[in-house]
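Now for the letters of each chain:
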Amino acid sequence: GHVKAAWTLCEAAERKGEVKWKGRDLYFSPGSKLAARAAAGGVCAAAKAVVEGEARNAFALVRPPGHHAEPDKCMGYCLMNNVAVAVRNVLEKYPKKVKKVLIVDWDVHHGNGTQAAFESD
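The structure presented is a predicted model; accordingly, all values stated were derived computationally and were not measured. (Residues numbered from 1 in each chain as written. Predicted model: local features only at pLDDT ≥ 70, side-chain atom pairs only at ≥ 80, totals over all residues. Heavy atoms only, no water.)

K.L.:
Provide a residue-level description of the confidence of the model for the protein, including the pertinent values.
P.N.:
On average, residues of the protein score 90 in pLDDT, and 99% of them reach the 70 mark or higher. Taken element by element, the protein is modelled with least confidence in strand S1 (residues 20–21), mean pLDDT 84, and with most confidence in helix H3 (residues 82–93), mean pLDDT 95. (pLDDT = per-residue confidence, 0-100. Helix = DSSP H or I, 4+ residues; strand = E, 2+ residues; numbered from the N terminus.)

And the structure:
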């Protein structure tokens, strides 16, 4: 899917040491893959800590943000939708503990990727 295509562009940017643009609102630079994976992993770790009782709540302030990345494409400066990855992860791993999730996308514009990831649920 789109993540494999994104990683290919990230790896090309790393090899050449330059920024690769895809359209007008998406670019890949050396370190983009690591940053995107760390952001998604950080949100997953925060969600897991709450579900497992290690934390009462969590707030993950990560970059890149992710709320524009849709299930089938990167867009809007977002490679992966961090919150969607984390929510899907806890819903699948903890079906007896997690029945519903509230996602608050606090931004000045619409998080189309987050909507696309969950609108059929």
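K.L.:
Can you explain the state of the cysteines? Please cite residues and give values.
P.N.:
Among covalent bonds in proteins, the disulfide is the one between the sulfur atoms of two cysteines. If you walk through the whole model with that rule in mind, you get zero disulfides. No disulfide involves Cys44; its sulfur sits 16 Å from the nearest other cysteine sulfur, which is in Cys78. Overall, the relative accessible area of 16% leaves Cys44 in the buried class. Free cysteine Cys78: the closest other cysteine sulfur is in Cys74, separated by 9.0 Å. (Disulfide = S-S within 2.5 Å. Buried < 20%, exposed > 50% of the residue type's maximum accessible area, 1.4 Å probe, protein only.)

K.L.:
Kindly report on the packing of aromatic side chains, identifying the contributing residues and their values.
P.N.:
Tallied over the full model, the rule gives two aromatic pairs. Judged by centre distance (4.9 Å) and plane angle (45°), the rings of Trp21 and Tyr27 are tilted. The exposure class assigned to Trp21 is exposed, which follows from its relative accessible area of 52%. The class for Tyr27 is partly exposed, based on a relative accessible area of 37%. With a centroid separation of 6.1 Å and 70° between ring planes, the pair formed by Tyr27 and Tyr77 is classed as edge-to-face. Of this pair, Tyr27 sits in strand S2 (residues 27–28) while Tyr77 sits in the loop between helix H2 (32–51) and H3, and the two are 50 residues apart along the sequence. Through successive ring pairs, a cluster of aromatic residues spans Trp21, Tyr27 and Tyr77. (Phe/Tyr/Trp six-rings, centres within 6.5 Å; stacked < 30°, edge-to-face > 60°.)

K.L.:
Please set out H3 residue by residue, giving values where relevant.
P.N.:
Residue pairs spaced three or four apart in an α-helix point in one direction, given the helix's 3.6 residues per turn. The terminal C-alpha atoms of H3, which comprises twelve residues, lie 16 Å apart, in line with the 16 Å expected from a rise of 1.5 Å per residue. Turning to H3, the residues buried within the fold contact H2 and helix H4 (112–118). (Expected span 1.5 Å × (residues − 1). Contact = heavy atoms within 4.5 Å.)

K.L.:
An account of the pattern of salt bridges is requested, with residue identities and associated values reported.
P.N.:
For the coordinates displayed, the defined rule picks out three salt bridges. Salt-bridge contacts for Lys33 lead to Glu11; the nearest nitrogen and oxygen are separated by 2.6 Å. Taken as a pair, Lys33 in helix H2 and Glu11 in helix H1 (residues 2–16) lie far apart in primary sequence, 22 residues in all. On the basis of relative accessible area, Lys33 is assigned to the buried category, the value being 18%. Judged by its relative accessible area of 31%, Glu11 falls in the partly exposed class. (Salt bridge = Lys/Arg side-chain N within 4 Å of Asp/Glu carboxyl O.)

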